[in-house]
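# Coordinate analysis (summary)
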Amino acid sequence: DNRELDEELTIVVSNAQESFSTTNWLITIAVTLLGGVLAYFVSGRALRPLRAFASQVENVQPSNLADMKISEDVLPEFKQFSKSFNSMIDRLDEGFSAQRQFTGNAAHELRTPLTNIKSYAETIVSAGDELPRELHDNFMGVIINEADRMTRIVQDILTLSKIDYGKMEMNI
């Protein structure tokens, strides 16, 4: 009798262990899946400001810098990042504005001697041999002077470019 009772008890305990083990595995799988899903959604929500920032950075162009500032009303972790980015955008905008102004000024400065060279050369060509020698020499002198003026302007631009890129120091 005792032996039968031991066998029955062993079978009951064994079945309970199997049932507990199966239940334990199912609970572990369910908790792992639930934790993974929660982690996915929580991390997605936490990274949303970073994704929005990355999307905005991809759209930065020299022509739209003023519109690219990001809100500084963000999570504390991103506040310094936002300030630094906006500061960088301001510096880039100032640099591009200075570059546009410089380019406009340089074009204007080069246009005047080019116009003079062209008009004097056209006058010499159209007059041909009928242009008095003294006037021809005077016109050629103006053309040479204007070409020298253009050469100085181009040399100044190249010097400024070298200074900007740190290849040359300016001694004052």
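Residues numbered from 1 in each chain as written. Predicted model: local features only at pLDDT ≥ 70, side-chain atom pairs only at ≥ 80, totals over all residues. Heavy atoms only, no water.

As a further point, take the overall build of the protein chain. Within the protein chain one finds 3 helices and 0 strands. Computed over its C-alpha atoms, the radius of gyration of the protein chain comes to 40 Å, more than 25% above the 16 Å expected for a compact globule of 172 residues. Each principal axis of the C-alpha distribution contributes one length, and for the protein chain these read about 145 × 35 × 30 Å. When the 172 residues of the protein chain are sorted by exposure, 12% land in the buried category. In the protein chain, 49% of the contacts between residues at least 6 apart in sequence involve partners at least 24 apart. (Helix = DSSP H or I, 4+ residues; strand = E, 2+ residues; numbered from the N terminus. Rg over C-alpha atoms; globule rule 2.2 N^0.38 Å. Buried < 20%, exposed > 50% of the residue type's maximum accessible area, 1.4 Å probe, protein only. Contact = heavy atoms within 4.5 Å.)

To continue, consider the environment of Leu26. Relative to the helices and strands, Leu26 resides in helix α1 (residues 2-58). Leu26 sits in the exposed class, given a relative accessible area of 56%. For the pair Leu26 and Phe78, spaced 52 residues apart in sequence, the C-alpha to C-alpha distance is 40 Å.

Moving on to the pattern of salt bridges. A side chain with one charge may pair with a side chain of the opposite charge, provided their charged atoms come close. On inspection of all chains with the given rule, the structure shows 3 salt bridges. Among the ionic pairs, Lys118 bridges to Glu122, the shortest N-O distance being 3.8 Å. With Lys118 and Glu122 both in helix α2 (residues 76-127) and 4 residues apart, this pair spans about one turn of that helix. A relative accessible area of 45% means that Glu122 is categorised as partly exposed. Put simply, Asp137 and Arg133 hold a salt bridge, and the shortest N to O gap is 3.7 Å. A residue pair is termed a helical-turn pair when its members lie 3 or 4 positions apart in one helix, as Asp137 and Arg133 do in helix α3 (residues 133-164) at 4 residues. (Salt bridge = Lys/Arg side-chain N within 4 Å of Asp/Glu carboxyl O.)

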